Amino acid sequence: MRRLILLMATMALAILMASGVAQAIINGEPDGNMHPYVGALVTEVEGEEGQTEPVLLCSGTLISPTVFLTAGHCTDFLIEGNLPTYVSFDTTFVPGQSELVSGTPYLHPDYCVGCGPPGVKWLPGYDVGVVVLDEPVVMDTYGSLPTSANLVDTLQKRSPLTVVGYGANDFDTGGGSQQPIYPEIRQLATTEYLGTQGIANQVGEDVFMKTTGSGMGQGGEGTCYGDSGGPLFLEDQTTVVGVTSFGPTSAIPCSGPDYAQRVDLQVVLDWVSSFL
């Protein structure tokens, strides 16, 4: 199990180094079956004896029987590495036991890394991706896209949002290094919307939502490694207004504020809707 944790940490770090973005729920609580349409994005790595092992990579939301919405840097990682792609909707992801549905990852055509404002090299373009599942997953309810563009612009500051994901919820500081601890349980937390101003990227729009996030050891709820691609829900608990994208780089990891790619932008809605 320790080796598996290190493998996941290595993959999370690889995403971080590749795109500067990678986010788990800090100070949250188990989701139970409140959001059964939120799933874990899974790939495979070589294990101790040369056999492949399933590894949790990111989170995301099933918005139709076959379309899984996640972050672009997650699908970019899978596409670039030509890695197998799976999704699990078990409340607890158990490698080798959880049911997996295979799929094909796609990346928004205007996603890019290293093309942000001068001196800010880690902001991507539209950080959104989808996985089209090979077989439909039938549920009573699915996550949903905003019904109109620019919905986020109508939100009041401090509006509550629910973040959901399978990511790390603590860190092992033994041996002088901080390794993320992945419980691999679908978790939720309540965060607050802080606005979009000042976080536009090279596409010339305010494409990211800023939320309160967590403060490791200081209270507050937010996202961390492995929660990338997970949803920010409105109070109806189905409408996805953002997908977890990145957090600040500091000596204390996963210590808010958090940033999410806006899903309500017309260019994002059009692209995601083309898979529905």
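Check the entry above for the structure.
In every chain, residue numbers begin from 1 and rise along the written sequence. Two thresholds apply to this predicted model, a pLDDT of at least 70 for residue-level local features and 80 or more for giving and counting side-chain atom pairs, whereas whole-chain, interface and lining totals are computed over all residues. Water and hydrogen atoms were dropped before computing side-chain values, which therefore reflect all heavy atoms in the structure.

Caption draft 1: Layout of the layout of surface pockets. Buried and open spaces are told apart on a 1 Å grid over the protein atoms alone, a cavity being a set of points where a 1.4 Å probe fits but cannot get out and a pocket being an open set with protein on both sides within 12 Å along at least five of seven lines. Residues with an atom within 4 Å of a point are the lining residues. Grid points are joined across faces, edges and corners, and a volume is the space filled by probe spheres set on the points. Put simply, the second largest pocket is a space of about 160 Å³. Lining the second largest pocket are Ser88, Phe89, Asp90, Glu99, Leu100, Val101, Glu135, Pro136, Val137 and Met139. Amino acid classes used here: Ala, Val, Leu, Ile, Met, Phe, Trp, Tyr, Cys and Pro are nonpolar; Asp, Glu, Lys and Arg are charged; the rest, including Gly, are polar. Taken together, the residues of the lining of the second largest pocket break down into 6 nonpolar, 1 polar and 3 charged.

Caption draft 2: Structural view of the sheet that holds strand β2 (residues 38-46). For two strands to pair, DSSP has to find at least two bridges joining them. Numbered from the N terminus, helices here are DSSP runs of H or I no shorter than four residues, and strands are runs of E no shorter than two. Around the barrel, 6 strands lie side by side as β2-β3-β4-β7-β6-β5; this closed barrel has antiparallel pairing. Each strand of the sheet is rotated relative to its neighbour by a mean of 45 degrees, with strand direction disregarded. In terms of strand pairing, β2 meets strand β3 (residues 52-62) through 9 bridges, oriented antiparallel. The residue of β3 that forms the bridge with Glu44 is Pro54. It only takes one pair of heavy atoms within 4.5 Å for two residues to be counted as in contact. For helices, the fitted line uses only the C-alpha atoms of the stretch in contact; every axis is such a line through C-alpha atoms, and the angle between N-to-C directions lies from 0 to 180 degrees. The strands touched by helix α2 (residues 72-80) within the sheet are β2, β3, β4 (67-70), β6 (101-107) and β7 (129-133), with β6 carrying the most contacts at an inclination of about 105 degrees. Packing of helix α3 (residues 266-273) onto the sheet brings it into contact with β4, β6 and β7, and relative to β7 it is tilted by some 15 degrees.

Caption draft 3: Structural context of the state of the cysteines. Defined by distance alone, a disulfide is two cysteine sulfur atoms within 2.5 Å. Per the counting criterion, the structure on display carries 1 disulfide. Disulfide partner of Cys58: Cys74, at an S-S distance of 2.1 Å. On the sign convention where negative is left-handed, the bridge of Cys58 and Cys74, at about -85 degrees about the S-S bond, is left-handed. Here Cys58 is found in strand β3, whereas its partner Cys74 is found in helix α2, with 16 residues between them in sequence.

Caption draft 4: Spatial organisation of the nonpolar core. Ranked by internal contacts, the top residues of the largest apolar core, which has 47 residues, are Leu41, Leu62, Leu69, Val263 and Val272. Those elements that provide at least two residues to this core are β2, β3, β4, α2, β5 (86-88), β7, β14 (240-246) and α3. Once residues within four sequence positions are removed from consideration, Val272 is found in contact with Ile63, Leu69, Val128, Val130 and Leu145. Nonpolar core, defined: a set of buried Ala, Val, Leu, Ile, Met, Phe, Trp, Tyr and Cys residues in which side-chain atoms within 4.5 Å join the residues together. For each residue, the accessible area found with a 1.4 Å probe, counting protein chains only, is set against the maximum for its type, and the residue is called buried under 20%, exposed over 50%, and partly exposed in between.

Caption draft 5: Broad picture of the pattern of salt bridges. Put simply, a salt bridge is a Lys or Arg side-chain nitrogen that is within 4 Å of an Asp or Glu carboxyl oxygen. The full count for this structure, using the stated rule, is 4 salt bridges. In this structure, a network of salt bridges that share partners links the residues Asp153, Arg262 and Asp264.

Caption draft 6: The arrangement of α3 in detail. Listing the buried residues of α3 in full gives Val268, Leu269, Trp271 and Val272. Check the buried side of α3 and you find it contacts β4, β6, β7 and β15 (258-262).

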